[in-house]
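These are the residues of each chain, in order.
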Amino acid sequence: MRRRQFLAATAGVGMAPAATGRPRPQSSSSFAPLGTLELPGLAETVVTDDGTTAVAAVSDGFATVDLADPTAPSLLAERRDILADRADGPLRNVWDVKCDGDTLAVVGPANASRDAIEAAVFYDVSDPADPERLGVHETRYPIHNCDIADGVAYLTANSAGSVGLATVSVGADPERLGGWALTDHDQRWADVRYALANLHDVYVQDGLAYLAHWDAGTWIVDVSDPATPSLVSRVRGRSVEDLREYGRNAARRDGFRRPGNDHYVAVNDTGDLLGIGIEAWFQPGPGGIVLYDVSDVANPQRLTRIDPPPVPEGESAGYSNGVWTTAHNFGFAGDRLYTAWYQGGVKVFDVSDPANPTEVAAWRDTDDACFWTACPAGDFLVAPSVDQPPGVDITERLYTFPDPGSGLTPADGSESPTAGATDTASGTGTATTTDASGPGFGVLAGLAGLGLGAWRATRDRTE
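Residues numbered from 1 in each chain as written. Predicted model: local features only at pLDDT ≥ 70, side-chain atom pairs only at ≥ 80, totals over all residues. Heavy atoms only, no water.

## Focus on the overall build of the protein chain
In step 1: Secondary structure assignment for the protein chain yields six helices and 31 strands.
In step 2: Counting across all 463 residues of the protein chain, residues that qualify as buried make up 61%.
In step 3: Residue pairs in contact within the protein chain that sit at least 24 positions apart in sequence constitute 59% of those at least 6 positions apart.
In step 4: As presented, the protein chain carries roughly 16,000 Å² of accessible surface, and 43% of it is formed by carbon and sulfur atoms. (Helix = DSSP H or I, 4+ residues; strand = E, 2+ residues; numbered from the N terminus. Buried < 20%, exposed > 50% of the residue type's maximum accessible area, 1.4 Å probe, protein only. Contact = heavy atoms within 4.5 Å. Areas by Shrake-Rupley, 256 points an atom, 1.4 Å probe, with all protein chains shown as cover.)

This is the structure we're talking about:
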């Protein structure tokens, strides 16, 4: 019912100077990679329910990876140049994939692009070495992210005059079932700039959709009937009155800054703990992860936040010319939160006391790894490192790590840590928590997620 395996995002890596003058990877205790696999175009990655296969978005399609031996992940199959036989094909800018049992959703393009096919493509991956296409649902909007549950796909559906969610049936002949948009709640949202309110991500579990709408905040929608989604509650966000006042230039400027920028959302297995990731680069600094108690889904209560890893000494934060340490995708499994912070690395937290998260493990290699997400897979994690930020040459690799306490042996022969791992003064990011009175979170997430150039194109198209 819920893609527990897609629990995404891990990070929190630290670097120390080497004798050669080049930074070297740093970890808390002995948390270190088990294995890697180079995979061009790598982006979002999910793991099947049995933990034996990873499925990765690879920009022009997807790839399946055998995880039977986590020290040596191996390629099973690739499907690239999807829909090349259709007008304006093939499908490009594929940044997201999601699974529900043996059904896979592949969506794109992540960003608006002229003369590009826009679609959700569904596959049967019961044999991951030989995925078979089920059906195609073409749209009139780009699809940055999606989710899939119980035979229904949930798509980010941002277009001129509407930012919100689309629900689509899965199968040989998929069709739109329904949708929900901010304007269904209040028509005044139609006057808010796209850059401040578009739907960046959706997470669905147990009949509820959690929607990350950037500065407009996070909203919870009942999708138990996918044809008629209905609002349950608004978790947080800036007021429509405030956001309506922004002109084009101000929206462009503040779209990369805190407060705001609800970029990614996920809940734990029981659905009573919600995480909201903030993606931001410029002053007042990178974004972190905010935790909310949603045991009463109609009345969410803020618990705490997890701060991002610091930028290395002598470096600066920034989208184009800085080191990226802002939060990206993440996920829960049991009492643990797995987080990714781009060049800030991978971090694992114990959230058994969600108001006081404890860092359990961290690893980072600022110059050579930039993590998109982290997926628990039993005794180990899967974490894709992507070719970002601009101007930095990072080889795209799928990493595996031992889950802290699993007893699996990293590549250096040491055992994985069990608890209490922290970043060190050598430059490893220190993740701290603050109480509910702490400052708000970043606005940047959505814009950076779409890509500045694509965001500008979409902004110009929708204003």
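What follows picks up the thread again.
## Comments concerning unusual backbone geometry
In step 1: Looking along the chain, the bond that leaves Gly-108 and enters Pro-109 is cis, with omega of -10°.
In step 2: By the secondary structure assignment, Pro-109 is in the loop between strand S9 (103-108) and strand S10 (119-124).
In step 3: A cis amide bond links Gln-388 to the next residue, Pro-389, at an omega of -5°.
In step 4: Mapped onto the secondary structure, Pro-389 falls in the loop between strand S29 (380-385) and strand S30 (397-402).

## Side note on the sheet that holds strand S14 (residues 162-169)
Consider a sheet: its strands pair through backbone hydrogen bonds, and that pairing is either parallel or antiparallel.
In step 1: Strand order in the open sheet formed by four strands is S12-S13-S14-S15, with antiparallel pairing between adjacent strands. Of all the strands in the sheet, the pair left with one neighbour each is strand S12 (146-149) and strand S15 (176-181). The sheet shows a mean angle of 25° between the axes of neighbouring strands, taken without regard to direction.
In step 2: The pairing of S12 with strand S13 (residues 152-159) spans four bridges and is classified as antiparallel. Within S13, the position partnered with Asp-147 by the bridge is Tyr-154. (Pairing = 2+ DSSP bridges. Axes fitted to C-alpha atoms, helices over the stretch in contact; angles between N-to-C directions.)

## Quick notes on the packing of aromatic side chains
In step 1: Under the definition given, this model contains 20 aromatic pairs.
In step 2: The interplanar angle of 50° and the centroid separation of 5.8 Å between the aromatic rings of Trp-363 and Tyr-399 together place this pair among those described as tilted. Of this pair, Trp-363 sits in strand S27 (residues 358-364) while Tyr-399 sits in strand S30, and the two are 36 residues apart along the sequence. As far as burial versus exposure is concerned, Trp-363 and Tyr-399 are alike and both buried.
In step 3: Here a set of aromatic residues connected by ring pairs shows up, and it is made of Phe-256, Trp-281, Phe-282, Tyr-319, Trp-324 and Tyr-342. (Phe/Tyr/Trp six-rings, centres within 6.5 Å; stacked < 30°, edge-to-face > 60°.)

## Some details on the confidence of the model for the protein chain
In step 1: Looking at the protein chain, the pLDDT average stands at 85 and 82% of residues meet or exceed 70.
In step 2: Within the model, pLDDT remains below 50 along residues 1-22, and this stretch shows 127 contacts once partners closer than five positions in the same chain are excluded.
In step 3: Considering only residues more than four positions removed or in separate chains, one finds that residues 415-463, a stretch of pLDDT under 50, has 193 contacts. (pLDDT = per-residue confidence, 0-100.)

## Things to note about the side chain of Arg-305
In step 1: With respect to the helices and strands, the residue Arg-305 is situated in strand S23 (residues 301-306).
In step 2: Judged by relative accessible area, Arg-305 falls into the buried class, the value being 11%.
In step 3: At a separation of 2.8 Å, a polar atom in the side chain of Arg-305 contacts the side chain of Asp-307. (Polar contact = N/O pair within 3.5 Å; in protein donor to acceptor, adjacent residues only side chain to side chain.)

## Comments concerning the environment of Leu-39
In step 1: With respect to the helices and strands, the residue Leu-39 is situated in the loop between strand S3 (35-38) and strand S4 (45-47).
In step 2: As a C-alpha pair, Leu-39 and Val-65 span 26 residues in sequence and 9.9 Å in three-dimensional space.
In step 3: Among residues more than four places away in sequence, those in contact with Leu-39 are Ala-56, Val-58, Ala-63, Val-65, Leu-75, Glu-78, Glu-396 and Arg-397.

## Notes on the sheet that holds S10
In step 1: If you walk across this open sheet you meet the four strands as S8-S9-S10-S11, and the pairing is antiparallel. Here the strands that pair on one side only, and so sit at the sheet edges, are strand S8 (96-100) and strand S11 (132-138). Adjacent strand axes in the sheet meet at a mean angle of 20° when their direction is disregarded.

## Let's talk about the pattern of salt bridges
Pairing between side chains of opposite charge can happen when their charged atoms approach one another.
In step 1: Here the structure, examined in full by the defined rule, presents 19 salt bridges.
In step 2: Asp-242 is paired through a salt bridge with Arg-238; the nearest N and O atoms lie 3.2 Å apart.
In step 3: The class for Arg-238 is buried, based on a relative accessible area of 17%.
In step 4: Here Asp-403 and Arg-336 are joined by a salt bridge, their closest N and O atoms 3.1 Å apart. Of this pair, Asp-403 sits in the loop between S30 and strand S31 (433-434) while Arg-336 sits in strand S25 (residues 336-340), placing them 67 residues apart in sequence.
In step 5: Through salt bridges with shared partners, a single network forms among Asp-60, Glu-78, Arg-80, Asp-81 and Arg-92. (Salt bridge = Lys/Arg side-chain N within 4 Å of Asp/Glu carboxyl O.)

## Details of the nonpolar core
In step 1: Among the nonpolar cores identified, the biggest contains 30 residues, and Phe-62, Ile-82, Val-97, Leu-104, Val-106, Val-121 and Tyr-123 are the most heavily contacted of them.
In step 2: At the level of secondary structure, the elements contributing two or more residues to this core comprise strand S5 (53-57), S8, S9 and S10.
In step 3: Per-element accounting of this core gives the leading share, three residues, to S10.
In step 4: Residues contacting Leu-104, with those up to four places away along its chain left out, are Val-55, Phe-62, Val-97, Lys-98, Cys-99, Val-121, Phe-122, Tyr-123 and Val-125.
In step 5: Membership of the second largest hydrophobic core comes to 27 residues, among which are Val-290, Leu-291, Tyr-292 and Phe-349. (Core = buried A, V, L, I, M, F, W, Y, C linked by side-chain atoms within 4.5 Å.)

## Points about the side chain of Thr-400
In step 1: Structurally, Thr-400 can be placed in strand S30.
In step 2: A distance of 2.5 Å separates a polar side-chain atom of Thr-400 from the backbone oxygen of Pro-70.
In step 3: Excluding residues within four positions of it along the chain, Thr-400 makes contact with Pro-33, Leu-34, Gly-35, Leu-67, Pro-70, Pro-73, Phe-380, Leu-381 and Val-382.

## Digging into the environment of Asp-379
In step 1: Positionally, Asp-379 belongs in the loop between strand S28 (375-376) and S29.
In step 2: Separated by 22 residues in the primary sequence, Asp-379 and Phe-401 place their C-alpha atoms 8.8 Å from one another.
In step 3: Once you skip the residues sitting within four places of it in the chain, Asp-379 turns out to touch Pro-402, Asp-403, Ser-406 and Leu-408.

## Quick notes on the pairing of S13
In step 1: In terms of residue burial, S13 counts as a mostly covered element, since seven of its eight residues are buried.
In step 2: Where S12 hands over to S13, the hairpin turn is made up of two residues, of which Asp-150 adopts a positive phi near 55°.
In step 3: As paired strands, S13 and S14 are joined by eight bridges and run antiparallel to one another. From the neighbouring strand, Asn-158 faces S14, where its bridge partner is Val-163.
In step 4: Taken together, S13 and the strand that follows it, S14, pair antiparallel across an intervening segment of two residues, in which Gly-161 is found at a positive phi of about 85°.

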